[in-house]
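Spelled out from the first residue to the last, the chains are:
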Amino acid sequence: MLTQLKNQGAFTKADIDAVNMNFNITGWQAYGVSVFGKIFSVDPVNGDNTSGDGTPELPVRTLTRAHDLCVSGRGDAIVAQAGDYAETLVISKDYVTLIGGTVGGYARPDLRTPTSGQNTLTVTGQGFVLVHVRMAARAGDCCVQRGNGFLHVDNVYDGDATAAKAGLRLLPSDTDTKKTASEGRVTDSLFRGCANGILFDTGAAPAVGVGSTDNVISGNRFYTNTLDLATADAGGAVYSVQNTVIGPGNQFMDKLKATYIDLTTTNGGAAGDQSGSIFDNTFAIDAGGVTGDTGAVAALG
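These figures come from a predicted structure and were not determined experimentally.

Scoring rules and cut-offs
- Residues numbered from 1 in each chain as written.
- Predicted model: local features only at pLDDT ≥ 70, side-chain atom pairs only at ≥ 80, totals over all residues.
- Heavy atoms only, no water.
- pLDDT = per-residue confidence, 0-100.
- Contact = heavy atoms within 4.5 Å.
- 1 Å grid on protein atoms, 1.4 Å probe; cavity = no way out; pocket = protein on both sides within 12 Å on 5 of 7 lines; lining within 4 Å.
- Points joined across faces, edges and corners; volume = space filled by probe spheres on them.
- Helix = DSSP H or I, 4+ residues; strand = E, 2+ residues; numbered from the N terminus.
- Nonpolar A, V, L, I, M, F, W, Y, C, P; charged D, E, K, R; others polar.
- Salt bridge = Lys/Arg side-chain N within 4 Å of Asp/Glu carboxyl O.
- Buried < 20%, exposed > 50% of the residue type's maximum accessible area, 1.4 Å probe, protein only.

### Regarding the confidence of the model for the protein
Reasoning step 1: The pLDDT averaged across the protein works out to 85; a share of 80% of its residues lies at or above 70.
Reasoning step 2: In the predicted structure, residues 1-30 sits below a pLDDT of 50 and forms 61 contacts with residues beyond four places in sequence or in another chain.
Reasoning step 3: Here residues 287-294 scores under 50 on pLDDT; set against residues more than four positions off or in separate chains, the count is 7 contacts.

Structure representation (structure tokens):
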């Protein structure tokens, strides 16, 4: 069971005990925090991975340690204090939430891999929720999402313009047909400085051999990316994207860019194998809107 906590102020002890929480949320909208699971606190400055147990009084230092404490499928949440996290983080457990615990818009946990060429965050677990976190790339992807049923909201994906890399790569598993980076939502987030803002990629054939499906991309901002939305075909699959909704409310902010969205079918499957809709978005182009003549959108087949 998930609950959305909106501007309720600090909880009383009875409230916390009732929902099995061990910290106060003051004025923050905690989308997707499970009321059944445990919540683990992380502080990159004052936490300790040896003596800490994840309570507010004894936080752990790293997100990786907090993930170690989570139980897959229980619906646990990791609440991270703002600060720098030099980690290559892998979320392999199901129904885990990672949330920035400070309300301020700039005060996000700042996650960046210490190793150039690695992906900063990789998610293979199902039902992952990511809220109010900044991820920065070092010649890799900011985030690779492989599990299904995800929610990404109010995040920042900062690329370094490395060719073929992405702010968010939706990449199905190479071996597990139940993990196809599908049935998720990406909303109210910022993508900047990436070769590809969001990249729809494919799991390896023949074991999986498909791309992602049934996702919703809405209310996001894109700028200084080479392409804001694009497809790839790392797995040699039948299609890269199907039944995906792009809109409403995405803002493509680079003025007069030649192409904002490139979902051309040569990147994965025949024209008839890729599908979806693009509607009610804003492009920083001249009057007259997005047309075939501008080339602003290379649309689905």
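### A few points about the layout of surface pockets
Reasoning step 1: Its boundaries defined by the atoms lining it, the second largest pocket holds a volume of some 250 Å³.
Reasoning step 2: In this structure, the second largest pocket is lined by 17 residues; those nearest its centre are Tyr106, Arg108, Arg134, Val156 and Arg192.
Reasoning step 3: Listing elements by their share of the lining of the second largest pocket, those giving two or more residues are strand 8 (109-112), strand 14 (156-158) and strand 17 (190-192).
Reasoning step 4: For the lining of the second largest pocket, a count of residues per class yields 6 nonpolar, 3 polar and 8 charged.

### What about the pattern of salt bridges?
Reasoning step 1: Summed over all chains, the structure comprises 10 salt bridges.
Reasoning step 2: Two residues, Lys257 and Asp254, come together in a salt bridge whose shortest N-O distance is 3.2 Å.
Reasoning step 3: Residue Lys257 is classed as buried on the basis of its relative accessible area, which comes to 16%.

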